[in-house]
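Inside the fold
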Amino acid sequence: MKHPWLVLAALTALGAGLGQAQVQVYPQKWTVAKPGEAKRGGVLRTSVISDFRTFNPFITAEAGNVPDTISGLHGLVQRDPSNGEWIPDMATSWTISPNKLEITFKIRRGMKWSDGQAITADDWVTTFKIHTDEKVGSNSYDSFFIDGKPVKVSKVDDYTLKITYPKTDAEAFAVASYTPWPDHIFGPVYQKEGAEGIKKMWGLNAKVSDIVSPGPWVIGSYTPGERLVLKRNPYFGEWNKDEAGNPLPYLDGQEILIVKDTNAQLAAFLSGQIDLYSPSTVDQISQVRKAVQDNKLDATIKVNISPNATSQFIVFDWNKKSDPFKQELFRSAKFRQAMSHLVNRQAVIDVVYGGFGTPTYTSIYPVLKDWVNPAAPKYDFDPKKATQLLTELGFTKKDNEGYLVNAQGKRLEFNLATNAGNNQREQMARLFADEAKKVGVKVNFNPIDFNTLVGQLQSKGDDRPWDAILIGLSGGGLDWPFGSNVVPCTGSLHMYNTSGKCIDPRETQLSALYSRGRTELDLAKRKEIGNQMQVIEAQLQPIVYIAGPNYHPAWNNRVGGQFPDKLINALYGSRTTELTYIAK
Amino acid sequence: MAQATPRTLSASRTRSQVIWAQFRKHRLAVWGARILLVLYTMALFAGFFSTYDANYYETYPPSNNHPPSKIHFRDPDTGAWSRPFVYATKRTLDELTLQPRYIEDKSQGKFYIHFFVRTPDQPYTILRLFRGDLRLLGVDKPGRLFLMGTDNFGRDLWSRIVYGSQVSLTIGILASIVSFILGLALGGVAGFYSGRPATMSLPLTHLFQPGVGARAWLGAAVSTLLWLAIIAGIIAITVQFLQVTHGFSLLSLIVVALAAWAVWGIARGLLWKPIRIDPDDVIMRSVEIQSAIPDLFLLITLRAIFPPSIDALFSFYLITVLLGFIGWGGLARIVRGTVLSTREQDYVTAAQALGASDRRIIAHHILPATATYVIISLSLAVPGAILGESGLSFLGLGIRDPYVSWGLLLQSAQEGGFASFTDRPWVLIPGFFIVLAIVAWNFLGDGLRDAFDPRKRQ
Amino acid sequence: MGTYILRRIIQLIPTFVGATLLAFIIIQLSPGDFFTEKLLDPKVRPETVQRLREQFGLNQPIYVQYLLWMKGLLQWPPQLGYSFAYQQDVWQIALPRVLNSMILVVASTFLLYLVAIPIGIFSAVRQYSLADRVVSFISYIFLSIPSFFFALIMIFLILQLNYAARDAFHLSNNAQILPVGGMTSSGSEAWPGWKRFLDVLWHALIPVLVVTARDIAGFTRFMRGQMLDVLGQDYMRTARAKGLSERVSIYKHALRNAVIPFVAGIGSILPGLVSGVGFVEVVMNWPGVTPFYLDALNSKDLYVLTGFLVIGLVLLMIGNLISDLLLAWVDPRIRYY
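Residues numbered from 1 in each chain as written. Chains lettered and ligands numbered in written order. Predicted model: local features only at pLDDT ≥ 70, side-chain atom pairs only at ≥ 80, totals over all residues. Heavy atoms only, no water.

Its location among the elements puts Arg8 of chain C in helix H1 (residues 2-29). Residues within four places of Arg8 of chain C in sequence aside, it is in contact with Asp281, Arg285 and Glu288 of chain B together with Asn320, Leu321 and Asp324 of chain C. (Helix = DSSP H or I, 4+ residues; strand = E, 2+ residues; numbered from the N terminus. Contact = heavy atoms within 4.5 Å.)

With that out of the way, let us pick up the interface of chain A and chain B. Contact residues are listed per partner, giving 31 residues for chain A and 26 residues for chain B. Per-residue buried area on chain A facing chain B is highest for Asn263, Asp283 and Arg430 of chain A; these three make up 20% of the total on that side. Across the chain A-chain B interface, the total number found is two salt bridges. The residue Lys290 of chain A makes a salt bridge to Asp423 of chain B at a minimum N-O spacing of 2.8 Å. Where chain A meets chain B, there are 14 residue pairs in polar contact (both at pLDDT 80 or more). Of all the secondary structure elements, the ones that give two or more residues to the side of chain A that touches chain B are helix H7 (262-270), helix H8 (282-293), helix H11 (345-351), helix H13 (423-439) and strand S23 (442-448) of chain A. (Buried area = accessible area lost by both parts, 1.4 Å probe. Salt bridge = Lys/Arg side-chain N within 4 Å of Asp/Glu carboxyl O. Polar contact = N/O pair within 3.5 Å; in protein donor to acceptor, adjacent residues only side chain to side chain.)

Residue and element names in this part refer to chain B. Between helix H2 (residues 27-44) and helix H4 (residues 157-193), the least distance of the axes is 8 Å, while the angle of their chain directions is 110°. On the basis of the axis angle, H2 is roughly perpendicular to H4. Judged by the sense of rotation from one axis to the other, the crossing of H2 with H4 is left-handed. Residues Leu39, Tyr40, Met42, Ala43 and Leu44 of H2 lie in contact with H4, whose contacting residues are Trp158, Val162, Ser165, Gln166, Leu169 and Ile173. (Axes fitted to C-alpha atoms, helices over the stretch in contact; angles between N-to-C directions. Parallel < 35°, antiparallel > 145°, perpendicular 65-115°, else oblique. Left-handed = near helix turned anticlockwise from the far one by under 90°.)

Now for the packing of aromatic side chains. Applying the stated criterion to the full structure yields 61 aromatic pairs over all chains. On the numbers, 5.0 Å between centres and 50° between planes, the contact of Phe421 of chain B with Phe156 of chain C is tilted. In this pair, Phe421 of chain B sits in helix H16 (residues 419-422) while Phe156 of chain C sits in helix H6 (residues 147-169), so the two residues belong to two different chains. Taking the relative accessible area as the measure of exposure, Phe156 of chain C reaches 15% and is therefore buried. Summarising the aromatic geometry, the rings of Phe35 of chain C and Phe84 of chain C are spaced 5.8 Å apart at their centres and angled 45° between planes, so their arrangement reads as tilted. Note that Phe35 of chain C is positioned in the loop between H1 and helix H2 (46-55) and Phe84 of chain C in the loop between helix H3 (62-74) and helix H4 (90-125), a separation of 49 residues in sequence. The exposure class of Phe35 of chain C is buried, given its relative accessible area of 3%. A relative accessible area of 4% means that Phe84 of chain C is categorised as buried. Taken together, Phe24, Phe34, Phe35, Phe56, Tyr66, Trp69, Phe84 and Tyr303 of chain C form an aromatic cluster joined through their ring pairs. Positioned over the ring face of Tyr141 of chain A is Arg51 of chain C, at 4.3 Å from the centre of the ring. Seen from the ring of Trp191 of chain C, Lys195 of chain C lies directly overhead, with NZ or CZ sitting 4.3 Å from the centre. (Phe/Tyr/Trp six-rings, centres within 6.5 Å; stacked < 30°, edge-to-face > 60°. Buried < 20%, exposed > 50% of the residue type's maximum accessible area, 1.4 Å probe, protein only. Lys NZ or Arg CZ within 6 Å of the ring centre and 35° of its normal.)

Once that is clear, we can look at the domain arrangement of chain B. Residue and element names in this part refer to chain B. In terms of domain boundaries, chain B breaks down into domain 1 (15-44 + 161-197 + 280-458), domain 2 (55-155) and domain 3 (199-277). Placing the centre of domain 1 and that of domain 2 at their C-alpha centroids yields a distance of 38 Å. Facing the 14 residues of domain 1 at the interface are 17 residues of domain 2. Together, Leu44, Asp423 and Trp426 form the three largest contributors to the area buried by domain 1 at its contact with domain 2, with a combined 47%. Our enumeration of links across domain 1 and domain 2 arrives at one salt bridge. Between Asp423 and Arg101 there is a salt bridge, with the nearest N and O atoms lying 3.8 Å from each other. At the level of elements, H4 and helix H17 (429-452) are the ones that each hand at least two residues to the side of domain 1 that touches domain 2. Class assignment for the residues of the side of domain 1 that touches domain 2 results in ten nonpolar, no polar and four charged. (Domains from an automatic or database assignment. Nonpolar A, V, L, I, M, F, W, Y, C, P; charged D, E, K, R; others polar.)

This is the structure we're talking about:
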C-alpha cells in the first residue's frame, strides 16, 4: 500500500456519494469497458512535454496546464465526443431568447468545489469578471469578445445564469463553456486588491491544499520540473456517475511526469513508466510496435486513427509595392494554383511524416470530416499543369541556367522562408524548392529565426519585406472552423494581405461569407456556407496548403476505459480520464 | 649584429630540422598526419570522391532510409568472379515496423560499378573555381549506388559525409585561430605587464613641465577627450537612473555617491595626478565582461542582421570568426596565469638583465612556456568546434541545407532516436568519421608537442 | 596583497555594470520578445499582445528597462526580476532547478578530479606505454561523441538491460534495474528521507557518469601534457638525483607546478554550479537548469535569461579573484602589485 491517503480519499468519496445532487450520467458509448468491468482505484501515469508555469487559472497560458487538467475542462456545457454536439454538463438545461442574443442556463444543483462549498452562478460571474479584466492579462480575455464587442455574464439567481451576446454567434456555446473558478476564494481578493491581488494567487509555490477545483482532480503534490500528482476530488463523484451509478472518476489519482525530450518520453513509455503516449513519427511508432511484438511491452497502438488538427502552408506576400513584377505574380490566382501543383504532398508525407500524414487543400483541417467539402477543387501535385499555368502567365522561355523567364527576360524567382530549427518545415520547403527547380522556378529557400519570421508576417502596409513563407497554424473553433483573424481582410492573421483592404474580389466574398457563417445558428446552413467558402478558397489559393501529420494514440494495457475506435481522434483524444480505469 | 644574423639563421634551420626529425620518430603523429592528408584531400575534391551531389535525391522511386548497397563480386547464378556490381532495389514497407525495406530486384539486371563516371546532371565545383562532373565511382541509371546508405530524403550518406567534411574539417580551425591568437597575445601582455601600470592620462599640471613635446600634447588631448566622454556617460546614466527610479532612497544616494567618487577620481587624474591603469586589470576585466555576452543571442542577432541573400555558408563562417573575437577569454586567463609564474623564473630575469626587449622576452622566453597547454587546447578545440556546431544545429542556428556537416548528420541521427540504432544503424557512420578526424588531430598534436619540447630530444 | 584585493573589489563595479549592460542590450536587440509567439495564436488579438507588452514594460526604451532591472538588483534582498512565463520572481522558480543540477555538478566534478588527475599523472609517467595508449584512445572517443548523443546511447542500453533483466529474473513488467530518466521514483514523496536520498543517487548514477565521461577526456589530456612538461624540467632531475622517491618527487614537486593552468581556470568552476550540466539533463530528463533555461531561451523570457547571467557573472568574478589568490599560494613566485 504505497498510497494510504488514496484509499482514504476513495472511502470519503463513497460515503459522500449519497447526497441528492442532480446527477450527470456518463453514457456507455463513451467507453469500451463493458458495464461493471471498470475497477475502482489505481493511478494513471502520463507525461507532458513542458513544465507547468502556474496553478492560477487566470494567468495560465501553456498547453496542458494545471487548471485545465484538474478541472477536466468542465463548464456549463460540453461537447459529445461521439457527434460533436453541445450537451449539458454543469448546466442541466438552457433556453435561448427569441432574438437569439441571450442564453439562460439552469445550473446543476448539488455540485461542490473540492473544498466542499457549493458551486453557484456567482462563480461563473466572478470568473468572467476576472478573465475580462485587462489588467489581469488572462489568456481567455479575447474569447469573451465577438468582433471586439464584449459578452455579458449575469446572475439571475443562485442556479440560473444569463449570458448575453452582442450579436448572434455560431460559437455561443463555446464561449459559454468556460470553466468556473471559486468565487469564495477569488472574489474577496479581487474586490480588495484587484488584478494585482489575483496575479499573486495560486503560484507554483502555493500550498497545494489551497488549490480548489470544480473538476475530477485536486493537486496532491507538485515537484518543480519533475511531476505533478493529482488525486480524486471526492465531491466530483456526487454529481458524475457511470450508467451503473458508480461515482466517477474511477481512478484514485494521476501522476503527470514532465518529460521535455521526445526520446526520453518514448523510453518512459517503452519501459512502462507512463501509460499514455502519442508517438508522432514512424520511428517512435516502430519502436512501440516492435516492443509489443517482442512481448516487452503490453500496450495498444492505433496507427493513423485520424489526422491532427494542424495545417502547414505556404503564403505569398501580396503587398510588394516596390517590386511590381513580384506583386503582380503573387496576386495572380493562376500563379498560386501553379505553386499548389508543385507541392508534392505525397512526398511530404513520405519524407517528413514517414508515410503517416494527410494532404490538405483548404483551411479546414482534414480531421473535421463533417466540414471538409469533398467537391472543392484540388490543385494536386502535377508539374505539367504547373508549367502550363506558368506558360499562360507568360513564362515561356528558359534562361541559360534553366529557369523560366517572361518576355521581358524577368526570371521566375522568389525567396521562401520558414522558421529555423523546425526540421519538418525545413524539409517541406526543401522538397517544394526542389520540385519547383525541376520546372524552372527558382525558389531561394532560407530558414530564419522564428521571431524574425513572425515580425515579417505581421508587418503592415503595402510594401512588406518578404516573398513567401512556409508556416503552420493550429487551434480554432469547431462550430465555425474558419479563423476569425485569418479569413476577414482586416484580420491580424490575414497574412497574405495586411493592407487592411480586400484586393481580390474573391477575398471580399470570403470576408462576407465568413461573417454570415459566424452569425448563422443553423448548422446545416453554416456547413453550406463553409462548402462555398472552401470552393472559393481552393480557386483563389490565397494560402497553399500542404499536409499535416496523423494522430496515433498508444496506451499501456494496464489502463482501460478508452473510447471505442470510431470516437478516437485528434480533437477528443483517446479517452476521458473520468471513465479511465486501471485494469491490471 | 652583422655576424650574428647568419648564425641565428643557420641555427634556426637546424632547429626546424631537429623538430622535423623528432616529429618523424613519433609514429602515431605521422599516421595522424597521413589520415588528415587523406581527409583534407577528400574535402577539397569532394565532388570527385562523392558518388552523388550531397542534395541529390529522387522522389520517384523513393529511396529514403535505404541501407548501404550490397556490392556483389560474384555472379549469384554461376558463382564466377565478376566485376563488382549492384542490383536495383524495390521498396516495400515492413509490416511490423512500418519502416521502408529494400529488396534486391534482379529482374532489372546487374549494374556494374564504373570508375570515372560523368554526371552532367549533377555538376560540382572545386573551391568554386573549377567546374567538373567527373566522379570516382558510379553506376548507370536506374541503378543506384549507396555506399553508406541514405537519409530520410533518400540522399546518399557517403556523398553527404564527403561534402560535410568540407565544413567540419575547417570550422574547428577557423573558430580556434582568431580566439587563440587573441588569447595568446592578450594573455601574454596581461601576465607580463601585470603590476606595471601604464599612464592613461596626462594631467594639465604636467603638460607645462619642461620637455613635454607636441606628441604628448596630442596624446593628452585625445585621452582627455576620452575621459571627459566617460565622465559624461557616468553622469548621464546616474541622472537617468534617478529619473527612472523616482525620488530619493538609500539606494539612489549610494549610486550618486559612487558616481561622484568616480567622476572625482577621473577629474583629479585630468588635473594633477596621472591616471595609471594596470593592463592586467583592463584585459582580465574585459574577459569577465565578455564572458557575460550571451553567445546564442549574439548569433541570433547577427543572423537577423545579415541579409538573406548572403550565402548561408559564408555567413556561417563569418559568424564563427566573429564569435572567435569574443571567445578568447578562457585561454587568455590561463596563459596569463602561466606567464605570471614564468616571468619570475631565473632565465627571464637573466634575459631582462641582459637588456632584451619586452617583445623579445614575451615571444622567445615566456610564450613557449605555454606551448604544451596551447597545443593541447588547440587539439581539443577542434573537436569542440565540430561538436559545438552540431549543438547549434540542435537549436536551428548551425549549418543547414544545402550545406551539410558531420555535426548536422549526427544531429539527425539523434533525432531519429532509438530507430537510428535499431532500424538504420548506418546513420551512425558520420560519428566514426568524427572519431577518425579527432584521433588524427590529437596524434598530430601529441607529436608536435613532443617535437617542440627540447627536453625530449635525444 | 591587501591593496590588491581592495583594488579588485573596486573593479567589480564597472565590470558588473559593463557586462550586464552589454548582455542586456544584446538580448534585447535580437528580434522579437516573449509575446511574439502569441501573435500567431488565432485566439489572441494583436491589441491584447500590445497591452501585455505595456503591462510588462517591454514597450519602454531598452535603457529604461535596464535601469529598472538594475534598481531591482541593487535592492536588498536583490530582485532578479519577474519571469513572464511563470509570473513569479526568477529566483524562486530557478532555485529548485539549480539545486537539482547541483547534485550532478558536484558529484561529477568530484568524480572528475578523483579520476582524471591520477589518470593524467599515470599517463605522463608511463608515457607511450600500452596503458597510456589505451587511456588516450578512449579519451579521444569520448571527445568525439556529443554528450547528448552519448546519453541517448545510454538510455537505449538501459532499456535493453531492463528488458533482459525482466526476462532473466521473471520480474514484473515495469521493474527497472536502472532508471531510464528522471530524478526520483514515482510515489517517492511519501518515502522516508534516507530512502529518497538513495533513490536520487540511483537516478543520478548514469547522468553523472555521462557528464564525467564528457569532461574527463579533455582534463586527462591537459593533465598528462602538463605533467610531461614538468617531469622534463631540471628541478625534477635534481629532485630525483638527490634521492627523493619517485612518488614524493611527483606529488610534491611536479604536481604543484603542473596544476598552475588549472588553478588559473578555476574561476569558471563557480558559475558552473548554477549553469547545469547541459543537454544531458534534457535527454536524461533530469529536472535541472538546462531544460528550464532552454525554455526561457526559446520563449525569450528576458529576466530568466538575465537572472542566470547575473548570478553566473558574479560567481565568475568571485571565482577569478579566488583563483588569482590561489595562484599566488600555489606558486609563491607569482606577485601582484
